[in-house]
Amino acid sequence: MRLVTYQDREGEHLGALRGEDVVALDSVAPSMLALIDQGAAGLAAAQAVLAHGGSSQPRAAVTLLAPIPRPRQNVICVGMNYVAHAIESDRARGREPKLPTRPVFFTKAVTAVAGPDSDFHLDPAVTAQLDYEAELAFIIGRPGKNIARNAALAHVFGYTVVNDISARDLQSSHQQFFKGKSLDGSCPLGPCIVTADEIPDPAALTVSLTLNGEPRQHSSTGDLIFDIPTLIEFLSLGMTLEAGTIVSTGTPSGVGLGFTPPRYMQPGDVMVAAIDKIGELRTRVVAA
């Protein structure tokens, strides 16, 4: 299924995409997080609604929101998880390129989450080095702790697209990632969550991003340094992963930081981050 959260004249709803229509799933759960909490029973009920038609309306008649508009906790991200991006990041900062030996985790604030067709408001008093990062994210469905690698994918509810918009100057000046990764609107998410049964091999997806139509990023999740089972194993070691947790797996090379000189974004720029089998995010940079 391709699950969405959408808004129409009556308010915010849980739904599923069926072709060019959105099917309401209000009878199953009031929200995406509530559906995730129901586990297999919730997914079966949603499938039943789709199988029997369900009330629907054209996708063009509603507004898609982030599939989880307000996560329960910060979005967990992975830094430098593609070889070429790790190298370009170190070189841009004047360091000798060195690949991580363990996953590098950081988080983005829940207030950074935005919808799949959103605007990012760029305030020059906040950052002069705004960058993009297209990424595959997965959502935990079954909570767990100390999860073995060979059992990890059984804990995944589904997959979505993230654009990890970053303020590079804030990353440098704060000497850590959180502030530079957590500006309002800096985590576009969506357009849907594709349930795990429809993506049996998350290591075979194409990740790409264009800026104003110019290809900037293009890679495969098969190039991840640490694949999703490994990330879950490391992250869950001594730490409970709760249902609804969003984990973004890292970005490939081609970010603005990696150019010589760096090429950062300005008002008027349009980013389109896409992953095959899931969809795309279109984010406009506008003046604050």
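Note that the structure is predicted; figures quoted are calculated from it, not measured.

Undergrad: Help me get a handle on the side chain of His 13, residues and values and all.
TA: The residue His 13 is located in strand β2 (residues 11-18) in this model. Exposure remark for His 13: the relative accessible area of 9% places this residue in the buried category. Side-chain polar atoms of His 13 contact the side chain of Asp 26, separated by 3.0 Å. Look past the residues within four positions of His 13 in its chain and what remains in contact with it is Val 4, Thr 5, Tyr 6, Asp 8 and Asp 26.

Undergrad: Can you explain the pairing of strand β12 (residues 156-163)? Please cite residues and give values.
TA: Most of β12 is tucked away, with 8 of its 8 residues classed as buried. Sheet topology note: the strand β11 (residues 134-140)/β12 ladder contains 7 bridges and is antiparallel. Looking across to β12, one finds that Ala 134 is bridged to Asn 163. Two elements, β12 and strand β14 (residues 187-195), share 4 bridges in a ladder whose sense is antiparallel. Bridged to Gly 158 within β14 is Thr 195.

Thresholds applied
- Residues numbered from 1 in each chain as written.
- Predicted model: local features only at pLDDT ≥ 70, side-chain atom pairs only at ≥ 80, totals over all residues.
- Heavy atoms only, no water.
- Helix = DSSP H or I, 4+ residues; strand = E, 2+ residues; numbered from the N terminus.
- Buried < 20%, exposed > 50% of the residue type's maximum accessible area, 1.4 Å probe, protein only.
- Polar contact = N/O pair within 3.5 Å; in protein donor to acceptor, adjacent residues only side chain to side chain.
- Contact = heavy atoms within 4.5 Å.
- Pairing = 2+ DSSP bridges.

The quantities given are spatial measurements derived from coordinates; they are silent on function.
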